[in-house]
Amino acid sequence: DTLRVSKQELGQKVLEQNLQIKIARQAYESARADYRQSDAVFLPSISASYTGISTTNPLMAFGSKLNQEILTAADFNPALLNDPKKTKNFATKFEVLQPLMNADGWAARKAAKTKMEAYQLQSDRTGEYQQLEVNKAYMQLQLAYKAVQVINKAKATAQANLKLIQNYFKQGMVQKTDVLMVQVRVNEIEDQAQYAQSNVQNASDYLHFLLGETDTQKVYAPSETLKYEPSVKTFENKLPENRKDLQAMTKSSEAYRKMAVSDRYSFLPRLNAFGSYELYDTEFLGTAAKGYTVGAQLSWNIFDGYKTLGKVQKSKAEYKKAATELEQYKAQSQLELSKTLRQLTDAQNKRNLAQLALEQSQEAYRIRQNRFAQGLEKTTDLLAAETQQLQKELELDAAVFEFQFTQTYLEFLTQ
């Protein structure tokens, strides 16, 4: 049930299957739909209706006959006007409303477009972040498998030492306590091996989660091993202006500014043209009488109880808040970049020292093992050297992981 994968394969799959990326894309689609709604500021609104009534209301009955063009002199009889007979009226109506001048609507449309662009950039940045996460998870999987290999090698060494000690015990060269100490060491490594296997499963499950997979029966295995690979790229302590999250924050702040402009334009008058075409008859679906109406309306909301003024003040405050958040985010991002640059230097030094420590511990174990075979070293000294060698090898792998991830994170911050 092991599935071998490469980092490149996972990078492609995460873009297609990751749930967080799908959520970000849907957020963009929602903003895009808002922008499409703003087309109403220059496109006409067209509606059609069909109404059928039966009435004895004096005004409605007289108006219906007038619309049907069937009014006669007899209908002006006061008795009929005051107490008309049941009158039927079927009306078909087509209406068109065409905006001509709508300053706040145009400004709101520009704000909606800027908001849509911000969500697009945010969606792209989400994809980049999930790529970082899958790279980190892949390196964690590599580290977990490397730990399994190291511990299995240490287990083989410990078992060989146990066999040697048992032979010495049979020959009366060591005490029973020495055999028991080595046996305890073998048991400890067995426990570490089980823990390492659990880490493999945990790292694999996290990859399943990042890829949006519900079937976690298969365990992922990396096709590449974890290696120390310093980048040839030189990193500068300066935020790139084209980083997508910074661009998204800038666009978002700009959208708030345009919405504030739109709210201020609400004080201006609006000009709309309208027209209607009507068909009337006494029969269902009849079209005996026809008529049309065209015109234009200039409307101006002079005072609405400070509602518009309060809206303007709110949008202005929201814009200032967004601008301040952008400034804070840039400062925080610069701080994170500077810190990560220092962490990369520290991680490189840590890896170099871990490499040196491993080489020294391997040489120390080799010497003690040879001296032990000659009866010149105690069992406790051999076990301590073996434990130190295993610990230093695991520390080196962890240091390589820390360096490689810090380097990948730094590439993400300057992307």
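In this text the structure is predicted, and so the values were computed from the model without any measurement.

Please provide a residue-by-residue account of the sheet that holds strand S3 (residues 87–101), values included.
Strand order in the open sheet formed by 4 strands is S2-S3-S5-S6, and the pairing between neighbours is antiparallel. Strands at the two margins of the open sheet, each flanked by one partner only, are strand S2 (45–55) and strand S6 (289–299). Averaged over all pairs of adjacent strands, the angle between their axes in this sheet comes to 20 degrees, without regard to strand direction. Here strand S5 (residues 270–281) pairs with S6 via 11 bridges, running antiparallel. Looking at S6, one finds that phenylalanine 274 is bridged to glycine 295.

So what about a nonpolar patch on the surface? Which residues, and what values?
Residues Phe267, Trp300, Ile302, Phe303, Tyr306 and Leu309 make up a contiguous nonpolar surface patch of roughly 740 Å² in combined accessible area. On the secondary structure map, tyrosine 306 appears in the loop between S6 and helix H8 (307–373).

With reference to specific residues and values, describe H8.
The terminal C-alpha atoms of H8, which comprises 67 residues, lie 92 Å apart, in line with the 99 Å expected from a rise of 1.5 Å per residue. Directly beyond the C-terminal end of H8, a positive phi value near 80 degrees is found at glycine 375.

Can you break down the nonpolar core residue by residue, with the values?
Counting 24 residues, the largest nonpolar core has Ile151 and Ile165 as its most contacted members. Contributions of two or more residues to this core are made by helix H5 (103–170), helix H6 (176–210), H8 and helix H9 (379–413). Sort the elements by how many residues they give to this core and H5 lands first, with 9 residues. Look past the residues within four positions of isoleucine 165 in its chain and what remains in contact with it is Val174, Asp178, Val179, Val182, Phe372 and Thr379. Among the nonpolar cores identified, the runner-up in size contains 22 residues, and Leu337, Leu341, Ala347 and Ala354 belong to it.

Go over the packing of H5 against H6 with me, naming the residues and quoting the values.
Where H5 meets H6, the closest approach of the two axes is 8 Å, and the angle between their N-to-C directions is 165 degrees. When the axis of H5 is compared with that of H6, the two are roughly antiparallel. Between H5 and H6 the crossing geometry is left-handed. Residues of the contact of H5 with H6, tallied by class, amount to 24 nonpolar, 10 polar and 5 charged.

Give a description of the confidence of the model for the protein chain that names residues and reports values.
Mean pLDDT for the protein chain: 92, with 100% of residues reaching 70 or above. The secondary-structure element of the protein chain with the lowest mean pLDDT is helix H4 (residues 78–82), recorded at 87, while helix H2 (residues 19–37) shows the highest, at 95.

Residues and numbers for the side chain of threonine 408, please.
As for its position among the elements, threonine 408 is in helix H9. Here glutamine 404 takes part through its backbone oxygen, which lies 2.9 Å from a polar atom of the side chain of threonine 408. Residues contacting threonine 408, with those up to four places away along its chain left out, are Leu132, Asn135 and Met139.

For the packing of aromatic side chains, give the residues involved together with the corresponding values.
Under the defined criterion, the tally for this structure stands at 13 aromatic pairs. Ring geometry for phenylalanine 90 and phenylalanine 284: centres 6.0 Å apart, planes at 80 degrees, overall edge-to-face. Within this pair, whereas phenylalanine 90 is found in strand S3, its partner phenylalanine 284 is found in the loop between S5 and S6, the two being separated by 194 residues in sequence. Given the relative accessible area of 17%, phenylalanine 90 is considered buried. When the ring of phenylalanine 303 is compared with that of tyrosine 306, the centres are 5.3 Å apart and the planes differ by 85 degrees; the resulting orientation is edge-to-face. Each member of the pair phenylalanine 303 and tyrosine 306 is classed as exposed. Each member of the aromatic cluster is reached from another via a ring pair, and the members are Tyr129, Phe401, Phe405, Tyr409 and Phe412. The ring of phenylalanine 169 carries the charged tip of lysine 176 above its face, separated from the ring centre by 5.4 Å.

Could you give me a rundown of unusual backbone geometry, with the residues and numbers involved?
Although it is not a glycine, glutamate 69 adopts a positive phi angle of roughly 60 degrees. Within the secondary structure layout, glutamate 69 lies in the loop between helix H3 (58–68) and H4. One non-glycine residue, leucine 285, lies in the positive phi region at around 65 degrees. With respect to the secondary-structure elements, leucine 285 resides in the loop between S5 and S6.

Would you mind going over H2 in detail, with residue names and values included?
For H2, spanning 19 residues, the distance from its first C-alpha to its last is 27 Å, which sits close to the expected 27 Å at 1.5 Å a residue. The set of residues buried in H2 consists of Ile21, Ala24, Tyr28, Ala31 and Tyr35. Projected down its long axis, H2 shows its buried positions confined to an angular sector of 80 degrees, all on one face. More than 90 degrees from the buried face of H2, the exposed residues found are Ile23, Gln26, Arg36 and Gln37.

Thresholds applied
- Residues numbered from 1 in each chain as written.
- Predicted model: local features only at pLDDT ≥ 70, side-chain atom pairs only at ≥ 80, totals over all residues.
- Heavy atoms only, no water.
- Pairing = 2+ DSSP bridges.
- Helix = DSSP H or I, 4+ residues; strand = E, 2+ residues; numbered from the N terminus.
- Axes fitted to C-alpha atoms, helices over the stretch in contact; angles between N-to-C directions.
- Patch = residues over 30% accessible without salt bridge, like charges linked within 9 Å, V, L, I, M, F, W, Y side chains within 5 Å.
- Areas by Shrake-Rupley, 256 points an atom, 1.4 Å probe, with all protein chains shown as cover.
- Salt bridge = Lys/Arg side-chain N within 4 Å of Asp/Glu carboxyl O.
- Expected span 1.5 Å × (residues − 1).
- Core = buried A, V, L, I, M, F, W, Y, C linked by side-chain atoms within 4.5 Å.
- Buried < 20%, exposed > 50% of the residue type's maximum accessible area, 1.4 Å probe, protein only.
- Contact = heavy atoms within 4.5 Å.
- Parallel < 35°, antiparallel > 145°, perpendicular 65-115°, else oblique.
- Left-handed = near helix turned anticlockwise from the far one by under 90°.
- Nonpolar A, V, L, I, M, F, W, Y, C, P; charged D, E, K, R; others polar.
- pLDDT = per-residue confidence, 0-100.
- Polar contact = N/O pair within 3.5 Å; in protein donor to acceptor, adjacent residues only side chain to side chain.
- Phe/Tyr/Trp six-rings, centres within 6.5 Å; stacked < 30°, edge-to-face > 60°.
- Lys NZ or Arg CZ within 6 Å of the ring centre and 35° of its normal.
- Arc of directions from axis to C-beta.

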